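Summary of structural features
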Amino acid sequence: MNKIFDQRRYLIPFRSQLLPHIFTDVLVIGGGVAGMRAALEASESGDVILLAKDSSDVSSTSWAQGGIAAAHDEDDSTEAHQEDTMSAGVGLCEPEVVKAVVEDAPARIDELLQWGMRFDRDSDGNITYGREGGHHKARILHTDGAATGAELTRCLSGRVRSRERIRLFDKCFALDLLTAETNGDRGQGRTEGRVLGAITYHARYGLQIIWAKATILAAGGAGRVYRETTNPPVCTGDGLALAYRAGAIVGDVEFMQFHPTTLYVAGAGRALISEAVRGEGAYLVDRRGKRFMEQYHEMMELAPRDVVSRAIIDVLAKTQESAVFLDVRHLGEEFSTKFPNLDKSIRYFDLDPTTDLIPVHPSAHYTIGGVWTDIEGRSSLPGLYACGESACNGLHGANRLASNSLLEGLVFGRRAGRVVMEMADATSGPIQIISDIRQDEHGELDLVDVRSSLRSTMWRNVGIERNAARLTDVVDMFDFWARYTLVNIFDDPMGWETQNLLIVGALITRAALWRQETRGVHCRTDFLESQTQFEGHALWHVGLDEPIFKPIDRSQEVAVSSA
Ligand code: SIN
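The following paragraphs examine the structure supplied in this document. Once a new chain begins, its residue numbering starts again from 1 and follows that chain's sequence as written. Where totals are concerned, whole chains, interfaces and linings use all residues; where local detail is concerned, this predicted model gives features only for residues with pLDDT of at least 70, and gives and counts side-chain atom pairs only at 80 or more. The basis for every side-chain value is the complete set of non-hydrogen atoms in the structure, without hydrogens or water.

**Quick word on the overall build of the protein chain**
Rules: Helix and strand definitions here come from DSSP, where helices need a minimum of 4 consecutive H or I residues and strands a minimum of 2 consecutive E residues; each element is numbered from the N-terminal end. Radius of gyration: over C-alpha atoms. The globule rule applied is 2.2 Å multiplied by the number of residues raised to the 0.38 power. Working definition: with a 1.4 Å probe on protein chains only, accessible area under 20% of the residue-type maximum means buried, over 50% means exposed, and in between means partly exposed. In what follows, residue pairs with any heavy atoms lying within 4.5 Å of each other are defined as contacts. Think of it this way: Lys and Arg go in the positive column, Asp and Glu in the negative one, and His and the chain ends go nowhere. Every charge is mapped onto a representative atom, which is NZ of Lys, CZ of Arg, CG of Asp or CD of Glu.
Counting its regular elements, the protein chain contains 16 helices and 23 strands. The C-alpha atoms of the protein chain give 22 Å as radius of gyration, which agrees with the globular expectation for 563 residues (24 Å, within 12%). By its C-alpha atoms, the protein chain is 65 × 50 × 50 Å across when sized along the principal axes. Burial status across the protein chain gives 62% buried among its 563 residues. In the protein chain, 76% of the contacts between residues at least 6 apart in sequence involve partners at least 24 apart. The positive charge centre, built from 59 side chains, and the negative charge centre, built from 79, are 3 Å apart in the protein chain.

In structure tokens form, the structure reads like this:
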């Protein structure tokens, strides 16, 4: 990576001694499912501060339509769930991690039931299980068809708010992790220091230092680095960027998952139309009403989502049209009964699902890469843990199986919240940390313009299809933008987010250029086949020009499948 990206350790100048201090045992950054679950667990044995960048009900979790995958039905098995997860991940899943997650899934569902979460049931009161792309079994638990995330948020945030040992800081932006080093401009050196908490900006109280014995990063994904995305505005990759600046290892960042079906209507903000709808029998058709998925995969509309997204792109290229369509007309009134919220949002745009085709298009949806962790959520930096979309532990491989992400948040939030207690006897601050970076004079920057150029560039060149020529152009373009954007010092989240987006965009582009193959969600039109020499994770940290390559441990896979 160009050295400009790796130079600055902190986004702003500060002296820790001069800022207000707050102390806690555990700091959790991120208020979605992973953050809340981690906070609940950690609060069993220590004091916790939980930061939400916006209010705690604005997150990818609260927007999530798709449900929670679990072999919870007695007709299902964890082995079958494991097989579907591994097969969607196209050779890059870590078998041991997949096994641990799918085996824990039924217990996590039972726990939610105990905590009062409402799931869809049939007229006899039995839980109903839906199907989504890549699953060979109906095993997804939903709430109100496609409003699972909102119900999960209600359930977890109620518990979080009632815990005395959890302090919830809404509208609090984490700028940077604190490590015991004193220089703001570090050149190429990598930080090995322990993480001691974070410097934060609270909308009401301004800059603060939160000292913590352990910090859990659960700050969500980076979908907003793309022009077309299903993600809420808060998903600007801050967690990934701040961990990278602190010297943590990040992995698999080239793998950004695109969801095949977002509503393609001006003004609809790329609202997701859940795969659960295809699970209930919706067809994908072209403008003439002809189904096309049989040409691409035997599972048709329920093929893994990388296959469906690429099929749509192919159809659009052939027909020179801008959208394909979801056809739910044959479901009749069942559609509004099963998916009341979706029915409402589609009708808002004057489309009647019982008579009209619904225009859809793929959009960036889920950040598979993230802060590299072990199976307990430990990052490469002592004192720093990561879980949920911010993290990467090899569960998803090269393509996440539908509805495994809320599950991941529950399983790894709990694990990270538990393992942080290994830091219980550690000391944290206050220590003197000085960031003495200076402003380079580059005049006023139109941040809205920088962001929209960056997001369009990513969408056009680092999207569903990629090739070396375009990726190289984007690397150069980002180096140029970085020269006057990253050297600036901003004093509000708009500026900091833009800097984070630039770092994350550059990381994704560089990793996508390095991986000269097509695998899962990463499609290189100049290398259309998967290559055995790329069967592993690409790990990056500050100062590297080439990644550390970590091959998948196949011995584990044999152990798992013969178990
Ligand atoms: C969906 O409802 O289609 C999204 C589910 C997911 O992303 O896992």
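Now, onward.
**Focus on the pattern of salt bridges**
Applied cut-off: Salt bridge, as used here: a side-chain nitrogen of Lys or Arg that lies within 4 Å of a carboxyl oxygen of Asp or Glu.
Within this structure, the stated rule accounts for 40 salt bridges. Taking the shortest distance from any N to any O, the salt bridge between Lys171 and Asp54 comes out at 3.1 Å. On the criterion of sequence distance, the pair formed by Lys171 in the loop between strand E7 (166–169) and strand E8 (172–179) and Asp54 in the loop between strand E3 (48–51) and helix H3 (60–63) is long-range, its members being 117 residues apart. Taken together, the salt bridges that share partners define one network made up of Arg37, Glu41, Asp104, Arg108, Glu111, Arg414 and Arg418.

**Points about the sheet that holds strand E15 (residues 358–367)**
Here is the rule we go by: When DSSP finds two or more bridges between two strands, those strands count as paired. Fitted lines through C-alpha atoms give the axes, limited to the stretch in contact for helices. The angle between two N-to-C directions lies from 0 to 180 degrees.
The antiparallel open sheet is built from four strands, whose spatial order is E12-E15-E14-E13. A single partner strand is all that each edge strand has here, and the edge strands are strand E12 (256–263) and strand E13 (283–285). For this sheet, the mean angle separating the axes of adjacent strands, direction not counted, is 45°. As paired elements, E12 and E15 share six bridges and run antiparallel to each other. Its bridge partner being in E15, His259 is matched across the sheet by Ser363. Helix H9 (residues 305–319) rests against E12, E13, strand E14 (324–327) and E15 of the sheet, and its axis sits at about 60° to E12.

**Quick word on the site of the ligand**
Rules: The nearness test applies per residue and asks whether one of its heavy atoms lies within 4 Å of the molecule or strand. For this analysis, a polar contact is any N or O atom pair within 3.5 Å, provided that within protein one partner can donate a hydrogen and the other can accept it, and provided that sequence-adjacent residues contribute only side-chain to side-chain pairs. Accessibility throughout is a Shrake-Rupley quantity obtained with a 1.4 Å probe, and a residue counts as covered only by protein chains that appear here. Here the term charged refers only to Asp, Glu, Lys and Arg, the term nonpolar to Ala, Val, Leu, Ile, Met, Phe, Trp, Tyr, Cys and Pro, and the term polar to all other amino acids, Gly among them.
The environment of the ligand is formed by Gln65, Gly66, His259, Leu272, Ser274, Glu275, Arg305, His365, Arg400, Ala402 and Ser403. Within the backbone of Glu275, an N or O atom sits 2.7 Å from an oxygen atom of the ligand. For the ligand, the accessible surface in isolation is 260 Å², of which the surrounding protein chains cover 96%. Considered class by class, the residues forming the shell around the ligand number two nonpolar, six polar and three charged.

**Some points on the nonpolar core**
Our working definition: In these notes, a set of buried Ala, Val, Leu, Ile, Met, Phe, Trp, Tyr and Cys residues joined through side-chain atoms within 4.5 Å is what counts as a nonpolar core.
Counting 48 residues, the largest nonpolar core has Ile68, Leu112, Leu152, Leu156, Ile216, Tyr385 and Cys387 as the members making the most contacts within it. Counting residues per element, the ones that place at least two in this core are strand E2 (21–29), helix H2 (33–42), E3, helix H5 (95–114), helix H6 (148–162), strand E10 (206–217) and helix H12 (405–419). Within the second largest apolar cluster, 39 residues are counted, among which are Leu240, Ala364, Leu454 and Leu471.

**As for unusual backbone geometry**
In this structure, Pro430 follows Gly429 across a cis peptide bond, with omega equal to 0°. Note on placement: Pro430 falls in the loop between H12 and strand E19 (434–435). In this structure, Gln320 is a non-glycine residue whose phi angle is positive, near 60°. Its location among the elements puts Gln320 in the loop between H9 and E14.

**Digging into helix H14 (residues 468–485)**
Selection rule: To estimate how far a helix should reach, multiply one less than its number of residues by 1.5 Å.
The end-to-end C-alpha distance of H14 is 25 Å, a good match for the 26 Å that 18 residues give at a rise of 1.5 Å each. Lining the buried residues of H14 we find helix H1 (3–7), helix H13 (447–461), strand E20 (465–466), helix H15 (493–514) and strand E21 (523–524). Looking at where H14 begins, the residue whose side-chain oxygen comes 3.1 Å from the main-chain nitrogen of Ala469 is Asn467.

**Description of the environment of Gly239**
Along the chain, the position of Gly239 falls in helix H7 (residues 238–246). Residue classification places Gly239 among the buried residues on the basis of a relative accessible area of 1%. Each C-alpha atom of the pair Gly239 and Asn500 lies 8.7 Å from the other, and the pair is 261 residues apart in sequence. Residue contacts for Gly239: discarding those within four places in its chain leaves Leu217, Ala219 and Val371.

**Description of the packing of H2 against H6**
Condition: Each angle gets one of four labels, with under 35 degrees taken as roughly parallel, over 145 as roughly antiparallel, 65 to 115 as roughly perpendicular, and the rest as oblique. Each helix crossing is assigned a hand: it is left-handed if the near helix lies turned anticlockwise from the far helix by less than a right angle, otherwise right-handed if that turn is clockwise.
Look at H2 against H6: their axes get within 10 Å of each other, and the N-to-C directions meet at 30°. With respect to H6, the axis of H2 lies roughly parallel. As for how H2 packs across H6, the hand of that crossing is left-handed. Across the interface between the two elements, Val33, Met36 and Leu40 of H2 pack against Leu152, Thr153, Leu156, Ser157, Arg159 and Val160 of H6.

**Comments concerning the environment of Asp545**
Mapped onto the elements of the fold, Asp545 is located in the loop between strand E22 (536–540) and strand E23 (548–551). Placed 542 residues apart in sequence, Asp545 and Lys3 show a C-alpha to C-alpha distance of 9.7 Å. Apart from the residues within four sequence positions on either side, Asp545 is in contact with Met1 and Trp540.

**So, the packing of aromatic side chains**
Filter applied, for reference: Think of it this way: a Phe, Tyr or Trp ring, Trp meaning its six-membered ring, pairs with another when their centres are within 6.5 Å, and the plane angle makes it stacked under 30 degrees, edge-to-face over 60, tilted otherwise. We count a charge as sitting over a ring when the NZ of a lysine or the CZ of an arginine lies within 6 Å of the ring centre and within 35 degrees of the ring normal.
The final tally for this structure, using the stated rule, is 12 aromatic pairs. Relative to Phe339, the ring of Phe335 lies with its centre 5.6 Å away and its plane at 45°, an arrangement referred to as tilted. Grouping residues by exposure puts Phe335 and Phe339 together as buried. A network of ring pairs unites the aromatic residues Phe173, Tyr201 and Trp496 as a single cluster. Above the plane of the ring of Tyr10 lies Arg9, whose end atom (NZ or CZ) is 4.1 Å from the centre. Across from the ring centre of Phe412, 6.0 Å away, lies the NZ or CZ of Arg415, which sits over that ring.

**A short note on the side chain of Arg515**
By the element assignment, Arg515 lies in the loop between H15 and E21. Excluding residues that lie within four positions of it along the chain, Arg515 makes contacts with Leu92, Glu254, Phe255, His522, Arg524, Phe534, Gly536, His537 and Ala538.

**Let's talk about the side chain of Asp252**
Examined against the element boundaries, Asp252 turns out to sit in the loop between strand E11 (250–251) and E12. Discounting residues that sit within four places of it in the chain, Asp252 has contacts with Ile368, Gly369, Trp372, Cys392, Gly397, His537 and Ala538.

**A few points about the sheet that holds strand E4 (residues 68–69)**
Here we have three strands laid out as an open sheet, ordered E4-E6-E5, and antiparallel in their pairing. In this open sheet, the two edge strands, each paired with only one partner strand, are E4 and strand E5 (129–130). Strand direction decides the pairing type here: E5 and strand E6 (residues 140–141), joined by two bridges, are antiparallel. Its bridge partner being in E6, Gly130 is matched across the sheet by Ile140.

**Let's talk about the environment of Val58**
Tracing the sequence through the fold places Val58 in the loop between E3 and H3. For the pair Val58 and Asp350, spaced 292 residues apart in the sequence, the C-alpha separation amounts to 27 Å.

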